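Analysis of the macromolecular model
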Amino acid sequence: MIRAVNISKRFDGHQVLDGISIQFEPGLTNLIIGESGSGKTVLMKCIVGLFKVDSGTVYYDNRDFTAMKHHEMKLLRKEIGMLFQGAALFDSMTVLDNVMFPLKMLTNLTYKQRVKRAIECLDRVNLHGSNRLLPAEISGGMKKRVAIARAIAINPRYLFCDEPNSGLDPRTATLIDNLIAEITKEYGMTTIVNTHDMNSVIGIGDKISFIHEGKLWWDGDRHSVLEASNPEIRKFLYTNQILKHFRPEPPENPDSPPMYSV
Ligand SMILES: Nc1ncnc2c1ncn2[C@@H]1O[C@H](COP(=O)(O)OP(=O)(O)OP(=O)(O)O)[C@@H](O)[C@H]1O
Ligand SMILES: [Mg+2]
(Lines give C-alpha, C1' and ligand atoms only; values in the text may rest on other atoms or scores of the structure.)
(Ligands and ions follow the chains in the order given, each with its own letter.)
Protein backbone atom coordinates (compact mmCIF):
# COMPACT_ATOMS: atom_id res chain seq x y z
CA MET A 1 0.00 0.00 0.00
CA ILE A 2 1.12 3.55 -0.69
CA ARG A 3 -0.21 6.45 1.32
CA ALA A 4 0.41 10.14 0.71
CA VAL A 5 -0.58 12.34 3.63
CA ASN A 6 -1.13 16.07 3.36
CA ILE A 7 1.13 16.59 0.32
CA SER A 8 1.63 20.14 -0.91
CA LYS A 9 3.61 21.27 -3.94
CA ARG A 10 3.83 24.73 -5.43
CA PHE A 11 5.68 26.09 -8.47
CA ASP A 12 6.45 29.82 -8.63
CA GLY A 13 3.43 30.78 -6.56
CA HIS A 14 1.12 28.25 -8.29
CA GLN A 15 -0.26 25.80 -5.71
CA VAL A 16 -0.57 22.54 -7.67
CA LEU A 17 -1.08 20.13 -4.75
CA ASP A 18 -2.79 21.58 -1.72
CA GLY A 19 -2.54 19.23 1.25
CA ILE A 20 -3.74 16.20 -0.67
CA SER A 21 -4.13 12.86 1.13
CA ILE A 22 -4.59 9.77 -0.97
CA GLN A 23 -4.14 6.00 -0.63
CA PHE A 24 -3.37 3.21 -3.11
CA GLU A 25 -4.08 -0.46 -2.43
CA PRO A 26 -1.93 -3.52 -3.28
CA GLY A 27 -3.10 -5.93 -5.98
CA LEU A 28 -5.39 -3.26 -7.39
CA THR A 29 -5.24 -0.93 -10.36
CA ASN A 30 -5.53 2.44 -8.61
CA LEU A 31 -6.49 5.24 -11.01
CA ILE A 32 -5.87 8.93 -10.52
CA ILE A 33 -8.27 10.93 -12.66
CA GLY A 34 -8.71 14.65 -13.11
CA GLU A 35 -8.67 17.34 -15.76
CA SER A 36 -5.56 18.18 -17.71
CA GLY A 37 -3.40 20.35 -15.46
CA SER A 38 -5.07 19.11 -12.26
CA GLY A 39 -1.73 17.79 -11.00
CA LYS A 40 -1.79 14.04 -11.71
CA THR A 41 1.77 13.93 -13.06
CA VAL A 42 3.07 16.24 -10.34
CA LEU A 43 1.45 14.03 -7.69
CA MET A 44 2.98 10.90 -9.20
CA LYS A 45 6.41 12.54 -9.41
CA CYS A 46 6.13 13.65 -5.76
CA ILE A 47 5.25 10.10 -4.69
CA VAL A 48 8.22 8.54 -6.51
CA GLY A 49 10.56 11.31 -5.37
CA LEU A 50 11.22 12.96 -8.76
CA PHE A 51 9.84 16.16 -7.21
CA LYS A 52 10.55 17.13 -3.63
CA VAL A 53 7.33 17.88 -1.76
CA ASP A 54 6.99 21.23 0.06
CA SER A 55 5.26 19.44 2.93
CA GLY A 56 3.57 16.16 3.72
CA THR A 57 4.62 12.52 3.97
CA VAL A 58 4.62 9.51 1.66
CA TYR A 59 4.52 5.98 3.07
CA TYR A 60 5.39 2.84 1.15
CA ASP A 61 3.89 0.04 3.23
CA ASN A 62 4.44 2.11 6.37
CA ARG A 63 8.00 3.08 5.40
CA ASP A 64 8.27 6.85 5.54
CA PHE A 65 9.70 7.72 2.12
CA THR A 66 10.09 11.42 2.86
CA ALA A 67 12.31 10.69 5.88
CA MET A 68 14.53 8.13 4.14
CA LYS A 69 18.28 8.51 3.85
CA HIS A 70 19.82 8.46 0.38
CA HIS A 71 20.83 4.77 0.48
CA GLU A 72 17.38 3.72 1.78
CA MET A 73 15.78 5.63 -1.06
CA LYS A 74 18.04 3.90 -3.56
CA LEU A 75 16.90 0.53 -2.22
CA LEU A 76 13.25 1.53 -2.43
CA ARG A 77 13.71 2.73 -6.01
CA LYS A 78 14.55 -0.90 -6.92
CA GLU A 79 10.98 -1.76 -5.96
CA ILE A 80 9.44 0.88 -8.22
CA GLY A 81 8.61 0.44 -11.91
CA MET A 82 7.70 3.50 -13.89
CA LEU A 83 6.01 4.07 -17.22
CA PHE A 84 6.36 7.73 -18.10
CA GLN A 85 3.83 9.84 -20.01
CA GLY A 86 4.57 9.13 -23.71
CA ALA A 87 6.54 5.84 -23.18
CA ALA A 88 9.94 7.66 -23.13
CA LEU A 89 12.04 4.90 -24.66
CA PHE A 90 15.69 5.51 -25.46
CA ASP A 91 15.61 6.18 -29.20
CA SER A 92 19.14 4.97 -29.90
CA MET A 93 18.69 1.65 -28.07
CA THR A 94 17.03 -1.47 -29.43
CA VAL A 95 13.84 -2.80 -27.85
CA LEU A 96 15.84 -5.43 -25.99
CA ASP A 97 18.42 -2.92 -24.71
CA ASN A 98 15.63 -0.63 -23.50
CA VAL A 99 14.18 -3.42 -21.37
CA MET A 100 17.63 -4.48 -20.15
CA PHE A 101 18.54 -0.92 -19.10
CA PRO A 102 16.97 -0.90 -15.59
CA LEU A 103 18.42 -4.37 -14.96
CA LYS A 104 21.87 -3.00 -15.66
CA MET A 105 21.30 0.07 -13.48
CA LEU A 106 19.56 -1.57 -10.55
CA THR A 107 20.60 -5.23 -10.32
CA ASN A 108 23.75 -7.35 -10.20
CA LEU A 109 22.55 -9.76 -12.88
CA THR A 110 25.07 -10.93 -15.48
CA TYR A 111 24.62 -9.96 -19.13
CA LYS A 112 23.17 -13.39 -19.93
CA GLN A 113 20.71 -13.18 -17.03
CA ARG A 114 19.68 -9.67 -18.10
CA VAL A 115 18.97 -10.86 -21.64
CA LYS A 116 16.93 -13.80 -20.29
CA ARG A 117 14.86 -11.58 -17.98
CA ALA A 118 14.29 -8.94 -20.69
CA ILE A 119 13.08 -11.61 -23.13
CA GLU A 120 10.73 -13.01 -20.45
CA CYS A 121 9.23 -9.55 -19.95
CA LEU A 122 8.87 -8.92 -23.68
CA ASP A 123 7.12 -12.28 -23.98
CA ARG A 124 4.79 -11.31 -21.13
CA VAL A 125 3.62 -8.23 -23.05
CA ASN A 126 3.24 -10.32 -26.22
CA LEU A 127 6.10 -8.74 -28.11
CA HIS A 128 7.94 -11.40 -30.03
CA GLY A 129 10.53 -10.91 -32.74
CA SER A 130 11.03 -7.18 -32.16
CA ASN A 131 14.11 -7.37 -29.94
CA ARG A 132 16.53 -5.91 -32.46
CA LEU A 133 14.28 -3.09 -33.66
CA LEU A 134 14.68 0.55 -32.67
CA PRO A 135 11.75 2.52 -31.15
CA ALA A 136 11.37 4.45 -34.43
CA GLU A 137 10.68 1.14 -36.20
CA ILE A 138 7.71 0.02 -34.05
CA SER A 139 4.12 1.27 -33.63
CA GLY A 140 2.80 3.41 -30.76
CA GLY A 141 1.07 0.41 -29.16
CA MET A 142 4.26 -1.64 -29.38
CA LYS A 143 6.23 1.22 -27.78
CA LYS A 144 3.82 1.16 -24.82
CA ARG A 145 4.34 -2.60 -24.52
CA VAL A 146 8.10 -2.14 -24.49
CA ALA A 147 7.71 0.55 -21.82
CA ILE A 148 5.57 -1.85 -19.73
CA ALA A 149 8.14 -4.63 -20.19
CA ARG A 150 10.88 -2.23 -19.08
CA ALA A 151 8.84 -1.11 -16.06
CA ILE A 152 8.23 -4.69 -14.86
CA ALA A 153 11.75 -5.97 -15.65
CA ILE A 154 12.98 -5.41 -12.09
CA ASN A 155 9.93 -7.21 -10.71
CA PRO A 156 8.63 -4.11 -8.90
CA ARG A 157 6.27 -4.08 -5.94
CA TYR A 158 4.95 -0.71 -7.03
CA LEU A 159 4.11 0.25 -10.62
CA PHE A 160 3.44 3.82 -11.74
CA CYS A 161 1.93 4.47 -15.18
CA ASP A 162 1.40 8.01 -16.41
CA GLU A 163 -1.24 8.05 -19.19
CA PRO A 164 -0.23 4.59 -20.44
CA ASN A 165 -2.70 4.47 -23.33
CA SER A 166 -2.64 8.06 -24.58
CA GLY A 167 -2.38 8.42 -28.34
CA LEU A 168 -3.59 4.90 -29.09
CA ASP A 169 -6.73 3.77 -30.92
CA PRO A 170 -9.52 2.63 -28.54
CA ARG A 171 -8.92 -1.09 -29.11
CA THR A 172 -5.16 -0.94 -28.59
CA ALA A 173 -5.71 1.37 -25.60
CA THR A 174 -8.00 -1.26 -24.05
CA LEU A 175 -5.44 -4.00 -24.70
CA ILE A 176 -2.77 -1.95 -22.90
CA ASP A 177 -5.16 -1.24 -20.00
CA ASN A 178 -6.03 -4.91 -19.67
CA LEU A 179 -2.38 -5.88 -19.78
CA ILE A 180 -1.62 -3.50 -16.89
CA ALA A 181 -4.60 -4.79 -14.89
CA GLU A 182 -3.60 -8.44 -15.51
CA ILE A 183 0.03 -7.88 -14.53
CA THR A 184 -1.08 -6.05 -11.40
CA LYS A 185 -3.13 -9.02 -10.22
CA GLU A 186 -0.55 -11.58 -11.34
CA TYR A 187 2.33 -9.95 -9.41
CA GLY A 188 0.22 -8.45 -6.57
CA MET A 189 1.67 -5.00 -7.30
CA THR A 190 0.36 -1.69 -6.05
CA THR A 191 -0.31 -0.08 -9.42
CA ILE A 192 -1.10 3.59 -9.90
CA VAL A 193 -2.33 4.83 -13.25
CA ASN A 194 -2.88 8.46 -14.23
CA THR A 195 -5.58 8.79 -16.85
CA HIS A 196 -8.38 10.89 -18.22
CA ASP A 197 -9.59 8.09 -20.47
CA MET A 198 -13.16 7.14 -19.50
CA ASN A 199 -12.74 3.67 -21.03
CA SER A 200 -9.91 3.05 -18.56
CA VAL A 201 -12.01 4.40 -15.69
CA ILE A 202 -14.86 2.01 -16.41
CA GLY A 203 -12.67 -0.86 -17.62
CA ILE A 204 -9.92 -1.21 -15.02
CA GLY A 205 -10.67 1.23 -12.18
CA ASP A 206 -10.45 -1.01 -9.10
CA LYS A 207 -9.95 2.16 -7.06
CA ILE A 208 -10.47 5.62 -8.52
CA SER A 209 -9.31 8.90 -7.00
CA PHE A 210 -10.55 12.13 -8.57
CA ILE A 211 -8.32 15.12 -7.95
CA HIS A 212 -9.31 18.73 -8.44
CA GLU A 213 -7.83 22.02 -7.26
CA GLY A 214 -4.92 20.19 -5.65
CA LYS A 215 -7.11 18.00 -3.43
CA LEU A 216 -8.83 14.63 -3.45
CA TRP A 217 -12.51 15.31 -4.19
CA TRP A 218 -13.90 11.82 -4.56
CA ASP A 219 -12.79 8.23 -4.37
CA GLY A 220 -14.54 4.96 -5.14
CA ASP A 221 -14.46 2.27 -7.82
CA ARG A 222 -15.66 1.71 -11.37
CA HIS A 223 -19.04 0.50 -10.09
CA SER A 224 -19.77 3.65 -8.09
CA VAL A 225 -18.09 6.28 -10.26
CA LEU A 226 -20.96 6.85 -12.69
CA GLU A 227 -23.33 7.50 -9.82
CA ALA A 228 -21.04 9.83 -7.88
CA SER A 229 -22.97 12.89 -6.79
CA ASN A 230 -20.00 15.22 -6.39
CA PRO A 231 -20.73 17.98 -8.94
CA GLU A 232 -17.10 18.38 -10.03
CA ILE A 233 -16.60 14.71 -10.84
CA ARG A 234 -19.94 14.66 -12.66
CA LYS A 235 -18.79 17.59 -14.80
CA PHE A 236 -15.58 15.69 -15.53
CA LEU A 237 -17.31 12.40 -16.38
CA TYR A 238 -20.24 13.68 -18.38
CA THR A 239 -18.41 15.85 -20.87
CA ASN A 240 -17.74 12.49 -22.54
CA GLN A 241 -20.22 12.25 -25.43
CA ILE A 242 -20.98 8.55 -25.01
CA LEU A 243 -21.46 8.76 -21.25
CA LYS A 244 -23.92 11.64 -21.68
CA HIS A 245 -26.41 9.08 -23.02
CA PHE A 246 -26.16 6.99 -19.83
CA ARG A 247 -26.12 9.84 -17.37
CA PRO A 248 -27.90 8.68 -14.20
CA GLU A 249 -29.61 11.15 -11.89
CA PRO A 250 -27.38 12.12 -8.94
CA PRO A 251 -28.45 10.69 -5.57
CA GLU A 252 -30.58 12.96 -3.38
CA ASN A 253 -27.86 13.83 -0.86
CA PRO A 254 -24.82 15.10 -2.76
CA ASP A 255 -21.38 14.21 -1.39
CA SER A 256 -19.94 17.00 0.67
CA PRO A 257 -17.16 18.30 -1.58
CA PRO A 258 -14.26 18.05 -1.32
CA MET A 259 -12.65 15.28 0.78
CA TYR A 260 -9.59 16.52 2.57
CA SER A 261 -8.25 13.32 4.03
CA VAL A 262 -8.25 9.57 3.52
N1 LIG B 1 8.36 21.39 -13.51
C2 LIG B 1 7.33 22.24 -13.41
N3 LIG B 1 7.54 23.57 -13.21
C4 LIG B 1 6.51 24.43 -13.08
N5 LIG B 1 5.21 24.07 -13.15
C6 LIG B 1 4.93 22.78 -13.37
C7 LIG B 1 5.96 21.80 -13.51
N8 LIG B 1 5.37 20.59 -13.69
C9 LIG B 1 4.06 20.81 -13.68
N10 LIG B 1 3.77 22.12 -13.48
C11 LIG B 1 2.42 22.71 -13.41
O12 LIG B 1 1.64 21.93 -12.53
C13 LIG B 1 0.29 21.85 -13.00
C14 LIG B 1 -0.14 20.40 -13.05
O15 LIG B 1 0.60 19.75 -14.07
P16 LIG B 1 0.52 18.20 -14.33
O17 LIG B 1 1.48 17.89 -15.40
O18 LIG B 1 0.66 17.48 -13.04
O19 LIG B 1 -0.98 18.02 -14.84
P20 LIG B 1 -1.73 16.69 -15.27
O21 LIG B 1 -2.93 16.56 -14.40
O22 LIG B 1 -0.77 15.56 -15.27
O23 LIG B 1 -2.20 17.06 -16.75
P24 LIG B 1 -2.30 16.12 -18.06
O25 LIG B 1 -3.60 15.37 -17.91
O26 LIG B 1 -2.38 17.11 -19.18
O27 LIG B 1 -1.11 15.24 -18.13
C28 LIG B 1 0.27 22.56 -14.36
O29 LIG B 1 -0.27 23.84 -14.16
C30 LIG B 1 1.71 22.64 -14.75
O31 LIG B 1 1.97 23.79 -15.51
MG1 LIG C 1 0.08 14.40 -16.79
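Preceding this section is the structure that the text describes.
All residue numbers refer to positions counted from 1 along the written sequence of the respective chain. Working convention: letters from A go to chains and numbers from 1 go to ligands, in the order in which they are written. Residues qualify for local features only when their pLDDT is at least 70, as the model is predicted, and side-chain atom pairs are given and counted only at 80 or more; totals for whole chains, interfaces and linings, by contrast, use all residues. To obtain the side-chain values, all non-hydrogen atoms of the structure were included, while hydrogens and water were left out.

**Quick look at the overall build of the protein chain**
Along its length, the protein chain carries nine helices and ten strands. The C-alpha atoms of the protein chain give a radius of gyration of 19 Å, which matches the 18 Å a tight globule of 262 residues would have. By principal-axis analysis of the C-alpha atoms, the protein chain measures approximately 60 × 45 × 35 Å. Scored against the burial criterion, the 262 residues of the protein chain give a buried share of 50%. Within the protein chain, contacts between residues at least 6 apart in sequence are counted, and of these 66% link residues at least 24 apart. Values of accessible area rely on a 1.4 Å probe in the Shrake-Rupley scheme; residue burial ignores everything except the protein chains shown. Taken as a whole, the protein chain presents about 12,700 Å² of accessible surface, with 52% of it coming from carbon and sulfur. Charged residues are defined here as Lys and Arg on the positive side and Asp and Glu on the negative side; His and the ends of the chain fall outside this count. The location of each charge is read from NZ of Lys, CZ of Arg, CG of Asp or CD of Glu. Charged side chains of the protein chain number 32 positive and 30 negative; the gap between the two group centres comes to 8 Å. Here a strand is any run of E in DSSP of at least two residues, a helix any run of H or I of at least four, and the numbering for each starts at the N terminus. In this treatment the radius of gyration is a C-alpha quantity, and the globule benchmark scales as 2.2 Å times the residue count to the 0.38 power. Relative accessibility under 20% of the residue-type maximum defines a buried residue, over 50% an exposed one, and the middle range a partly exposed one, all with a 1.4 Å probe and only protein chains included. Residues count as neighbours in contact if any of their non-hydrogen atoms are within 4.5 Å of one another.

**Focus: the sheet that holds strand β8 (residues 190-195)**
Strands were regarded as paired on the criterion that DSSP finds at least two bridges between them. The six strands lie next to each other as β6-β7-β8-β3-β9-β10, forming an open sheet whose pairing is mixed. Each end of this open sheet is capped by a strand with a single partner; those strands are β6 (80-83) and β10 (215-220). On average, adjacent strands in this sheet sit at an angle of 20 degrees to one another, irrespective of strand direction. Pairing geometry for strand β7 (residues 158-162) and β8, over five bridges, is parallel. For Leu159, the partnering residue across the bridge sits in β8 and is Thr191. Lines fitted to the C-alpha atoms define the axes, with helices restricted to the stretch that makes contact. Angles between their N-to-C directions range from 0 to 180 degrees.

**A closer look at the packing of aromatic side chains**
The geometry of an aromatic ring pair is captured by two quantities: the separation of the ring centres and the angle between the planes. Aromatic contacts are taken between Phe, Tyr and Trp rings whose centres are within 6.5 Å, Trp giving its six-membered ring; a plane angle under 30 degrees counts as stacked, one over 60 as edge-to-face, and the others as tilted. Scanning the model with the defined rule gives five aromatic pairs in all. Centroid distance Phe11 to Phe51: 5.3 Å. Interplanar angle 70 degrees. Geometry classified as edge-to-face. One end of the pair, Phe11, is in strand β1 (residues 2-11); the other, Phe51, is in the loop between α1 (40-48) and β4 (55-60), with 40 residues separating them in the sequence. Its relative accessible area of 24% is what places Phe51 among the partly exposed residues. Each ring, one from Tyr60 and one from Phe65, has its centre 5.3 Å from the other, and the planes form 70 degrees; the classification is edge-to-face.

**Concerning helix α3 (residues 95-106)**
For α3, the set of buried residues is Val95, Leu96, Asn98, Val99, Met100, Pro102 and Leu103. Those residues of α3 that are buried are in contact with α4 (111-124) and α5 (140-152).

**A short note on the sheet that holds β1**
Read from one edge to the other, the open sheet built from four strands follows the order β2-β1-β4-β5, with strand pairing classed as antiparallel. Looking at the sheet topology across the chains shown, the edges are occupied by β2 (14-24) and β5 (63-64). Here β4 pairs with β5 via two bridges, running antiparallel. Residue pairing for β5: Tyr60 is matched across the bridge by Arg63. The sheet strands contacting α1 are β1, β2 and β4, and the helix crosses β2 at an angle near 65 degrees.

**What to know about a nonpolar patch on the surface**
On the surface, Phe90, Phe101 and Met105 cluster together into a nonpolar patch covering about 270 Å² of accessible area. Along the chain, Phe90 turns up in the loop between β6 and α3. Any residue with relative accessible area above 30% and no salt bridge may belong to a patch, with like charges joined within 9 Å and the nonpolar Val, Leu, Ile, Met, Phe, Trp and Tyr side chains within 5 Å. By definition, a salt bridge exists where a carboxyl oxygen of Asp or Glu is found within 4 Å of a side-chain nitrogen of Lys or Arg.

**Quick word on the pairing of β6**
For a regular strand, side-chain orientation follows a simple rule: the groups alternate between the two sheet faces. The alternating pattern of β6 places Ile80 and Met82 on one face and Gly81 and Leu83 on the opposite face, and all of these are buried. Pairing between β6 and β7: four bridges, direction parallel. Residue pairing for β7: Gly81 is matched across the bridge by Leu159.

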